[in-house]
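Topology and contacts: notes
Here are the chains, one letter per residue:
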Amino acid sequence: MALQKLTAQEQTDALSKLKEWSLVDGREAIKRTLTFKDFNAAFGFMTRVALYADKADHHPEWFNVYNRVEVTLATHDVQGLSIRDVKLAEFIDEIYKQ
């Protein structure tokens, strides 16, 4: 089964579960900003996400300054959001809680 873009309803349903995520203005993508104790904690988080993302062959767009990590997720292959973005966002939320 080919990867498909989420429908508007599927996006709404996903965002209702991903409470800390929001749509990016002007494009079909979701974003979240996470704050950590310090740079080491932020970088450790990014490393864990990078390992997961590489195995899933789905890589985030992100920006890091000291203890803050801004993450944007979109699936370029479908030019919008896909289930891959939802799964990566769920993983990010789960390890951020730890």
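Note: the structure precedes this text.
Worth saying up front: this structure is predicted, and the values here are computed from it rather than measured.

With that out of the way, let us pick up the environment of Glu 28. Mapped onto the elements of the fold, Glu 28 is located in the loop between strand E1 (22-23) and strand E2 (30-35). Along the chain, Glu 28 and Trp 62 lie 34 residues apart, while their C-alpha atoms are 16 Å from each other. Beyond its immediate sequence surroundings of up to four residues, Glu 28 is in contact with Lys 5, Gln 11, Ala 74, Gly 80 and Leu 81. Among the polar contacts listed, one links the side chain of Glu 28 to the side chain of Gln 11, at a separation of 2.9 Å.

Note on placement: Ala 2 falls in the segment before helix H1 (8-17). When the C-alpha atoms of Ala 2 and Phe 45 are compared, they prove to be 30 Å apart, with 43 residues separating the residues in sequence.

Moving on, we come to the packing of helix H2 (residues 39-56) against helix H3 (residues 83-97). Their axes nearest at 11 Å, the elements H2 and H3 cross at an angle of 150°. Considering the angle they form, H2 stands roughly antiparallel to H3. The chirality of how H2 crosses H3 is right-handed. For the pair H2 and H3, the contacting residues are Phe 45, Arg 48, Val 49, Tyr 52 and Ala 56 in the first and Arg 84, Lys 87, Leu 88, Phe 91, Ile 92, Ile 95 and Tyr 96 in the second. Classifying every residue of the contact of H2 with H3 by side-chain character gives 9 nonpolar, no polar and 3 charged.

As a further point, take the packing of aromatic side chains. The final tally for this structure, using the stated rule, is 5 aromatic pairs. Measuring from centroid to centroid gives 4.9 Å for Phe 36 and Phe 45, while their planes differ by 40°, and the two rings are tilted. Centroid distance Phe 39 to Phe 43: 5.8 Å. Interplanar angle 35°. Geometry classified as tilted. Here Phe 39 pairs with Phe 43, and both are found in helix H2, just 4 residues apart, close to one helical turn. Overall, Phe 43 belongs to the partly exposed group, its relative accessible area being 47%.

Cut-offs used in this document
Residues numbered from 1 in each chain as written. Predicted model: local features only at pLDDT ≥ 70, side-chain atom pairs only at ≥ 80, totals over all residues. Heavy atoms only, no water. Helix = DSSP H or I, 4+ residues; strand = E, 2+ residues; numbered from the N terminus. Contact = heavy atoms within 4.5 Å. Polar contact = N/O pair within 3.5 Å; in protein donor to acceptor, adjacent residues only side chain to side chain. Axes fitted to C-alpha atoms, helices over the stretch in contact; angles between N-to-C directions. Parallel < 35°, antiparallel > 145°, perpendicular 65-115°, else oblique. Left-handed = near helix turned anticlockwise from the far one by under 90°. Nonpolar A, V, L, I, M, F, W, Y, C, P; charged D, E, K, R; others polar. Phe/Tyr/Trp six-rings, centres within 6.5 Å; stacked < 30°, edge-to-face > 60°. Buried < 20%, exposed > 50% of the residue type's maximum accessible area, 1.4 Å probe, protein only.

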